[in-house]
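Remarks on the overall topology
Residue strings, one per chain:
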Amino acid sequence: MSIENKELRKAGLKVTLPRVKILQLLEQAESDNQHFSAEDVYRALMESGEDVGLATVYRVLTQFEAAGLVVRHNFEAGHSVFELEKGDHHDHIVCLETGEVIEFCDDVIEARQRQLVAERGYELVDHSLVLYVKPKKG
């Protein structure tokens, strides 16, 4: 049984060709350090000759999110991108000109956030940090 089939079954999802193909695309995107929108997934499927509709892509990505297989990020107004849930925490840098998404983790930033929360009498449960950037001129 393929890794994709095992992951789908473990998440409680029936193994279907669209689900397997979309999961394979997301795994490839992960190895290339990319974040895909539903449209990116649809376009990649079309380019590889797969006959999967855009509505199916949206439905499968929503199912994957509900099952904990993927994480949805809303970096720009109304524009969601997806990445596989790896169980590790990281933050993002998003280039406003190119749309490139760069993952990073900084122990100093993480420690400072926990400190700020503790000073106010709270415990940090989760957070999301996105830095929006543009290339330096000159």
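Computed from a prediction, not measured in an experiment: that's the story for all the values here.

Examining the pairing of strand β2 (residues 79-84)
- Burial analysis of β2 places five of its six residues in the buried class, which makes it a mostly covered element.
- Pairing of strand β1 (residues 70-76) with β2 involves six bridges; the strand directions are antiparallel. Among the inter-strand pairings, Val-71 is bridged to a residue of β2, identified as Glu-83.

Here's the deal with the sheet that holds strand β3 (residues 91-95)
- In space, the three strands of this open sheet follow the order β4-β3-β5, with mixed pairing throughout. Each end of this open sheet is capped by a strand with a single partner; those strands are β4 (101-104) and β5 (130-133). Adjacent strand axes in the sheet meet at a mean angle of 20°, parallel and antiparallel pairs treated alike.
- Note: β3 against β5, four bridges, orientation parallel. Each residue of the ladder has a partner; that of Val-94, found in β5, is Tyr-132.

Regarding the confidence of the model for the protein chain
- Across the protein chain, the average pLDDT comes to 89, with 98% of residues at 70 or higher.
- Taking the mean pLDDT of every element in the protein chain, the minimum, 80, falls on helix α1 (residues 3-10) and the maximum, 96, on helix α5 (residues 107-119).

Some remarks on the nonpolar core
- In this structure, Ile-22, Leu-26, Val-41, Val-57 and Phe-64 are the most contacted members of the largest nonpolar core, which totals 22 residues.
- Going through the elements one at a time, α2 (17-31), α3 (38-47), α4 (54-66) and β2 are the ones with two or more residues in this core.
- A total of six residues in this core trace back to one element, the largest contributor, which is α2.
- Beyond its immediate sequence surroundings of up to four residues, Leu-26 is in contact with Phe-36, Val-41, Leu-61, Phe-64, Val-70, Phe-82 and Leu-84.

Conventions and cut-offs
Here the residue numbers are simple positions, counted from 1 along each chain's written sequence. Residue-level local features of this predicted model are given only where pLDDT is at least 70; pairs of side-chain atoms are given and counted only at 80 or more, and the full residue set underlies all totals for whole chains, interfaces and linings. Excluding hydrogens and water, the side-chain values take into account all heavy atoms of the structure. Categorising residues by exposure relies on relative accessible area from a 1.4 Å probe, with only protein chains included: less than 20% of the type maximum marks a residue as buried, more than 50% marks it as exposed, and the intermediate range marks it as partly exposed. Helix numbering and strand numbering both begin at the N terminus, where a helix is a DSSP run of H or I of at least 4 residues and a strand a DSSP run of E of at least 2. In this analysis, strands are considered paired if DSSP registers two or more bridges between them. Under this scheme, a helix contributes an axis fitted over its contacting stretch, all axes are lines through C-alpha atoms, and angles between N-to-C directions fall in the 0 to 180 degree range. Each residue gets a pLDDT score, which is the predictor's confidence in that residue and runs from 0 to 100. Grouping buried Ala, Val, Leu, Ile, Met, Phe, Trp, Tyr and Cys residues that are joined through side-chain atoms within 4.5 Å yields what is termed a nonpolar core. By the convention used here, residues are in contact when the closest approach between their heavy atoms is within 4.5 Å.

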